[in-house]
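Below, each chain spelled out in residue letters.
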Amino acid sequence: MTAITVLAPTGTLGYGFGADALKRGMDFKPGVIAVDAGSTDPGPHYLGSGEVLVSRFSYKKELTELMAASRAAGIPLVVGSAGGSGSRPHVDFLVEIVREVARDLRLNRFKLAWIYADIEPARIKKAIAAGEVKDFEAGFALTADLVDSSTHIVAQMGFEPIIKALQSGADVVIAGRACDDAAIAAYPIMQGGHKGLAMHMGKILECGAFSAVPFAMDVMMGFLKGDAFELEPGSIGRRASLTSVAAHTLYERENPFDQHGPGYRVDLNDCRFEQAGERRVRVSGAKFIPESECWIKLEGARRMGFRSICVAGVRCPTMITRIDEILAAAKEEAVRYMKPHDVQVTFHVYGKDGVMRALEPQKKIASHELGLIIEVVASEMDLAHAACHHISGGLLHTHYKGQLNTSGNLAFPYSPSELDAGPAYAFSAYHLMKVRDPYEAFPIHYEDV
Amino acid sequence: MEAARLADLAVIIRSKNAGPYRLTFDVLLPDAATFKRVKASGVLGRESVAKALSLKPSEVTSLFELESAHAFKVTIRRQVGQSDIGESDVYGCQQHVPLMELLVA
């Protein structure tokens, strides 16, 4: 059986790949270029605000190279989780760039498809009322109020809507939020490849050459051949090794033996890895298991307020030894001062427990200086700024026991000392919603470009 | 055999988000013998990991062993949801250090 070959140019569209690696990858005559562009990993800001994850410059540069390569070879290009969150503004943003690149490159006529993954609030509320929404890992219930307060809620599509777009003749597919593996696996599954293997291959390829050594955001090739698939990096300077591929199957997921999607799961318990040449690894054993119900994963974000921060250094040992009590008093005072407005004050104390907070096992401060970030989130930008300035000004001049220096306690690197970071977003949904079928929530649009 | 720090035995010790509400730790050992030694020591068991991270054992959500990859995987509930108030590590990629210091018999 001839291989179904997939070229994954990078781990996240916009994060780069090597030109030589792309060229070498194209020499394998892939059937598709497929790339993941998003995740919840960078946080809720991109989903909440509608701002894209990577710069317009990078998206355009990479889409120009990938569209030129895919059009020259006459193969489709699939982008999953467009723009970072895969929400409507992100899909629209990439679609506009695709049109622009087509004009710039004077490409011959091709068919563009885009697939939205936004779920209407009314649809979700109906599902909540029907008992067809359940928590995934959020630890809270999704309520109608939370739905209404969310700026965007998307759901992860499986491979089915992408296959439908490809079967309708799309040459470029810009998909909204999609399961990382599905965007890569859609084409091989459409070609009749083993679904379990295609999904497992997609899961590894979605991070590009992160499964190679040395790892990088770069081109990774997948070859699906009957009862196994093989992986090889595009760049001759990298190789796929048993360790690099096995390590990657653990990455960013809780259960390495189980891979879920809407209406199916992939069982990896009997998975095997073999070295198949110096730079290539062969993987087999994945099983595709259809499920009787179809649940899609919702991801929502809401604006929790506005954030103001202040960065400062503390060098005096008389203050460092009393830092906990001084900060606790400053917080308590500020919360009282700002009444009736609520403010949420967080101190990040680098040199103490700034990175690990409650998980930090090292309780004793060993550093001669501390980096302090005062962070305030409030319902309005002005209030957050006011509270942040009140705290920094108060700490600057606070008196404490053992103090020798009475001229100021904080070393600010900036004037003004407060930086207004703008709207602050939080995840508002990470839940499962039951749908009729894998297509229901993901409308496809077509355009001849 | 003298006790060894996990950091001196492993080829990879890392932490990372597994979605916005979980933090997952991967430990990869170089070979089957070291994997067996770490397994026998129990340092990557629920109680030991919870203690190293100042957590209750119930906050460890799962433990997996991948013998073929000489790997252990431990996942915990995030102390705060990703980017919620109190966030200190958006990607969760700098929380692995207490595991480096575990002593393997």
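Residues numbered from 1 in each chain as written. Chains lettered and ligands numbered in written order. Predicted model: local features only at pLDDT ≥ 70, side-chain atom pairs only at ≥ 80, totals over all residues. Heavy atoms only, no water.

**A closer look at the interface of chain B and chain A**
At step 1: Between chain B and chain A, the residue contacts involve 41 residues of the former and 37 residues of the latter.
At step 2: Counting each side, the surface lost to burial between chain B and chain A is near 3200 Å², with a carbon and sulfur contribution of 61%.
At step 3: Here chain B is connected to chain A by three salt bridges.
At step 4: Across the pair B:Lys16 and A:Asp41 runs a salt bridge, and its minimum N-O distance is 2.2 Å.
At step 5: For the pair chain B and chain A, the interface holds 13 residue pairs in polar contact (both at pLDDT 80 or more).
At step 6: The residue makeup of the side of chain B that touches chain A, split by class, is 18 nonpolar, 14 polar and nine charged. (Contact = heavy atoms within 4.5 Å. Buried area = accessible area lost by both parts, 1.4 Å probe. Salt bridge = Lys/Arg side-chain N within 4 Å of Asp/Glu carboxyl O. Polar contact = N/O pair within 3.5 Å; in protein donor to acceptor, adjacent residues only side chain to side chain. Nonpolar A, V, L, I, M, F, W, Y, C, P; charged D, E, K, R; others polar.)

**So, the confidence of the model for chain B**
At step 1: The predicted model of chain B has a mean per-residue pLDDT of 95, with 100% of residues at 70 or higher.
At step 2: In the model output, the complex is listed with pTM 0.93 alongside ipTM 0.94. (pLDDT = per-residue confidence, 0-100.)

**A closer look at helix H3 (residues 56-73) of chain A**
All names here are of chain A.
At step 1: The terminal C-alpha atoms of H3, which comprises 18 residues, lie 25 Å apart, in line with the 26 Å expected from a rise of 1.5 Å per residue.
At step 2: Buried-residue contacts for H3 involve helix H1 (19-27), strand S2 (32-36), strand S3 (77-80) and helix H4 (88-104).
At step 3: Just beyond H3, the residue with positive phi is Gly74, at close to 70°. (Helix = DSSP H or I, 4+ residues; strand = E, 2+ residues; numbered from the N terminus. Expected span 1.5 Å × (residues − 1).)

**A few points about the packing of aromatic side chains**
At step 1: Taken as a whole and judged by the stated rule, the model has 12 aromatic pairs over all chains.
At step 2: One aromatic cluster is present, formed by A:Phe136, A:Phe140, A:Tyr430 and B:Tyr21 through successive ring pairs.
At step 3: The lysine or arginine in question, A:Arg56, covers the ring of A:Phe93, its NZ or CZ lying 5.8 Å from the ring centre.
At step 4: Geometry around A:Trp114 places A:Arg99 over its ring, the cationic atom sitting 5.5 Å from the centre. (Phe/Tyr/Trp six-rings, centres within 6.5 Å; stacked < 30°, edge-to-face > 60°. Lys NZ or Arg CZ within 6 Å of the ring centre and 35° of its normal.)

**Some points on the sheet that holds strand S10 (residues 258-261) of chain A**
Residues and elements named next belong to chain A.
At step 1: Taken together, three strands build an open sheet; the order of strands is S10-S11-S14 and the sheet is antiparallel. Of all strands in the sheet, those with a lone pairing partner are S10 and strand S14 (287-290), marking the two edges. Averaged over all neighbouring strand pairs, the angle between strand axes comes to 20°, with direction disregarded.
At step 2: Examined bridge by bridge, S10 and strand S11 (residues 264-267) share four bridges and lie antiparallel to one another. Each bridged residue has a counterpart across the sheet, and for Asp258 the counterpart in S11 is Asp267. (Pairing = 2+ DSSP bridges. Axes fitted to C-alpha atoms, helices over the stretch in contact; angles between N-to-C directions.)

**Brief notes about H1(A)**
Residue and element names in this part refer to chain A.
At step 1: Within H1 the residues assigned to the buried category are Ala21, Leu22, Gly25 and Met26. Along the long axis of H1, the arc covered by the buried residues comes to 135°, so they all point the same way. Structural note: H1 exposes Ala19, Asp20, Lys23 and Asp27 on the side pointing more than 90 degrees away from its buried face.
At step 2: Where H1 is buried, its residues contact strand S1 (4-8), S2, H3 and strand S8 (220-225).
At step 3: One or two steps after H1, the chain reaches Lys29, where phi turns positive at roughly 50°. (Buried < 20%, exposed > 50% of the residue type's maximum accessible area, 1.4 Å probe, protein only. Arc of directions from axis to C-beta.)

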